[in-house]
Amino acid sequence: MDTPHTAQFSHTDSIDLVVRTAREQFLVSPQEETRLWVKNAEGSFERLCNTRVTVLDAALKTGQVVVMETRNKDGTWPSAPRAMSSTSEEDADFQGQPGICGLTNLGNTCFMNSALQCLSNVPQLTEYFLKNRYLEELNFCNPLGMKGEIAEAYADLVKQAWSGHHRSIVPHVFKTKVGHFASQFLGYQQHDSQELLSFLLDGLHEDLNRVKKKEYVELCDAAGRPDQEVAQEAWQNHKRRNDSVIVDTFHGLFKSTLVCPDCGNVSVTFDPFCYLSVPLPVSHKRVMEVFFVSMDPRRKPEQHRLVVPKKGKISDLCVALAKHTGISPERMMVADVFSHRFYKIYQLEESLSSILDRDDIFIYEVSGRAAIGENSREDVVLPIYLRERTPARDYNNSYYGLMLFGHPLLVSVPRDRLSWDALYHILLYRLSRYVTRPSSDDEDDGDEKDLEDKDAIPKPGQMAGGSSQDPGQEQAGPSSGVASGSRAPVDNSPGPSHWPQRARRKHLFTLQTVNSNGTSDRSTFNEDTHAQPYIAIDWEPEMKKRYYDEVEAEGYVKHDCVSYVLKKAPVRLQECIELFTTVETLEKENPWYCPTCKQHQLATKKLDLWMLPETLIIHLKRFSYTKFSREKLDTLVEFPIRDLDFSEFVIKPQNESAPELYKYDLIAVSNHYGGLRDGHYTTFACNKDSGQWHYFDDNSVSPVTENQIESKAAYVLFYQRQDVARRLQPQPGLSEPSASPACGTPPSSESMDVN
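Below or above, wherever it landed, is the structure these notes cover. Bear in mind the structure is a predicted one, so any value in this text is a computation, not a measurement. (Residues numbered from 1 in each chain as written. Predicted model: local features only at pLDDT ≥ 70, side-chain atom pairs only at ≥ 80, totals over all residues. Heavy atoms only, no water.)

## Describing the overall build of the protein
Point 1. Secondary structure summary: the protein contains 15 helices and 36 strands in total.
Point 2. Taken over 755 residues, the protein has a buried fraction of 49%.
Point 3. Taking the contacts inside the protein whose residues are at least 6 apart along the sequence as the reference set, 72% of them involve residues at least 24 apart.
Point 4. Split by element, the accessible area of the protein, about 37500 Å² in all, is 49% carbon and sulfur. (Helix = DSSP H or I, 4+ residues; strand = E, 2+ residues; numbered from the N terminus. Buried < 20%, exposed > 50% of the residue type's maximum accessible area, 1.4 Å probe, protein only. Contact = heavy atoms within 4.5 Å. Areas by Shrake-Rupley, 256 points an atom, 1.4 Å probe, with all protein chains shown as cover.)

Pasting the structure below:
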């Protein structure tokens, strides 16, 4: 710290005069950035941010000490805590390419790092901060702003990143400021880089707004006036309240046209925008993977990849599978299998949207409802579970645990063969691919006194007394697992009290009626007397080990369709922009008030591009949210690196002699990898000084080539207008002034007394 100096000031003098005086007395060069601190009575220091106020307004007193601080050559401040600044001491002498600097991930802050890296590589905005032009435009009094704190925090980051003295920096102070002014970004949850970017652009704009006192501006409709006149009026009104480097760089103008469907009233307004959120063409098809289980026990389950309507029904899934298998859709049942049981058996009219991509969907072949002919009969479809007994759990060995295993089945059984013995042989046939039949020496017929072979499973529709019962439909759901329709498992069978309490032990396994979860015997229930019969095949451990081939049971084959590479057709960025400018009808939740009809209407709306900004931000709407689903669209969007031409989209009369006013070059891309619940953000950016593209992955930075930039992860695109790029290029023969304050003197702090 230098020797303190004493200076005298009037109460009406501005703090700016104090700064100029201090810089003169301490011989601080014009290129160096300084800031003032005042020492209060408690001995602590407080920033003097607003240099436009007077000494009296700043409450400075005679003899009070004011400290002037100069920024270090690496962009940091001497007063900043070392842990909050940049990197380790071993990087103290590091000298690299300005702008090639990573940002440390503080814990799920990759979204913030990605947005900051994109914004940092917008040339004119970065030059604005590096050349300290922002200091003259800090707005400390704007009630919509953040008292200049967001702008100062961002300026500190830019100066450190572009000093060339850091491999990476820790954006802790910036993260704290953002969380202070936007509570949604508090903590360390993952967020959307585009949402952070939107907040940051708005915060920088208000902190740097040149309009100190906003006047009231009344919005006017076109009322039949020429577009040119209305657009100019709208832009002037916007600039009367909003005038900053953000407006100069990123703001453009829409033309919005609303048409009332009743009276035909047309409303035309021109509205400013900061970025374009363009939709992606959404495919109306969906690819689903299912397993087909044939009635032929010799055939292994087949995995199929089916293309179905995204808003289709279960019946559409069966129709698509029928094209691969030749089996009629009427002979198929669709089920969601989870944890060795039927989580749900679907009805034909249910929506496919209820099936998630991660669900294990099995489609079973069953017999038709009735065969054509005089001897036609209706078959019953029974859900079958596999269970294995576990060792006794209590002292007298009377309790046996039962554990589900393998894949459940849906088996067609003729009504006239609904007996335990017939069902046993039908199931033995269905399991014959992976269950070995015992030889005559191995057979154990069990105790035939318990039940005769002719003990029948009570037939659906027939009560114990022989009376007939009308078929009823049980509600399908996760607990019932019952389908409706002609092929549904019947649900009007007698209740548990009419079933045999226990089927006799057969050769390999025993059969038991269970509930839909397969976890307890139905005989323990006294209610639900019209429930669907579920059958469990219970195996003794030794019998299962001896006759049940687990490897074969789990085997399946892949249909040829699975090997097909189903590529989503890429879309061009221009298609997304065309979709953005397409006429749409407003939703019920967002009607428009028609001044002629005097009521809210579902009007048609069309957006057109009237005036484009110097730097155009295009947000690809990859995240789709509806009442029924949430998904991320991983469609490949093909976007040009150079010469993105907007001349066909801008409806404002164009200057044909200056085509570069409508052509843009890519300068940065924010990428998102992963899904909705988790993911990771990175950045591709072109360095304004070297023209080299780099890949920013938190604190890691690596050079890349242009052909690596385009990917399915591209989320936010930054384009710069070509005339701006030419304007920012240094003139040949002229020395470019240093854009970074790296040429300053060593760090120092000076103080002076105020008299």
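## A few points about the side chain of Lys544
Point 1. On the secondary structure map, Lys544 appears in helix α11 (residues 541–547).
Point 2. With relative accessibility at 7%, the residue Lys544 sits in the buried group.
Point 3. Within the local environment of Lys544, its side chain forms a polar contact with the side chain of Glu550, the two groups lying 2.6 Å apart. (Polar contact = N/O pair within 3.5 Å; in protein donor to acceptor, adjacent residues only side chain to side chain.)

## Considerations on the nonpolar core
Point 1. Leu119, Phe129, Tyr154 and Phe718 are the most contacted members of the largest nonpolar core, which has 53 residues in total.
Point 2. Each residue touching Phe129, except ones within four places of it in the same chain, is listed here: Tyr134, Ala151, Tyr154, Ala155, Val158, Lys159, Leu204 and Leu208.
Point 3. In terms of nonpolar packing, the next biggest core, distinct from the first, is built from 45 residues, Phe405, Leu418, Leu431 and Leu511 among them. (Core = buried A, V, L, I, M, F, W, Y, C linked by side-chain atoms within 4.5 Å.)

## Description of the pattern of salt bridges
Once their charged atoms are close, side chains differing in charge can pair, the charge on each being opposite to the other.
Point 1. Per the counting criterion, the structure on display carries 31 salt bridges.
Point 2. Residues Glu127 and Lys131 are paired through a salt bridge, measuring 3.4 Å at the closest nitrogen-oxygen approach.
Point 3. Look at Glu127 and you get buried, because its relative accessible area is 11%.
Point 4. Under the relative-accessibility criterion, Lys131 is labelled partly exposed at 34%.
Point 5. Residue Glu215 is joined to Arg240 by a salt bridge in which the shortest nitrogen-to-oxygen separation is 2.7 Å. You can see Glu215 sitting in the loop between α6 (193–207) and α7 (227–241) and its partner Arg240 sitting in helix α7, a full 25 residues away along the chain.
Point 6. Among the ionic contacts, a cluster of salt bridges with common partners joins Glu137, Arg210, Lys239, Asp243 and Asp248. (Salt bridge = Lys/Arg side-chain N within 4 Å of Asp/Glu carboxyl O.)

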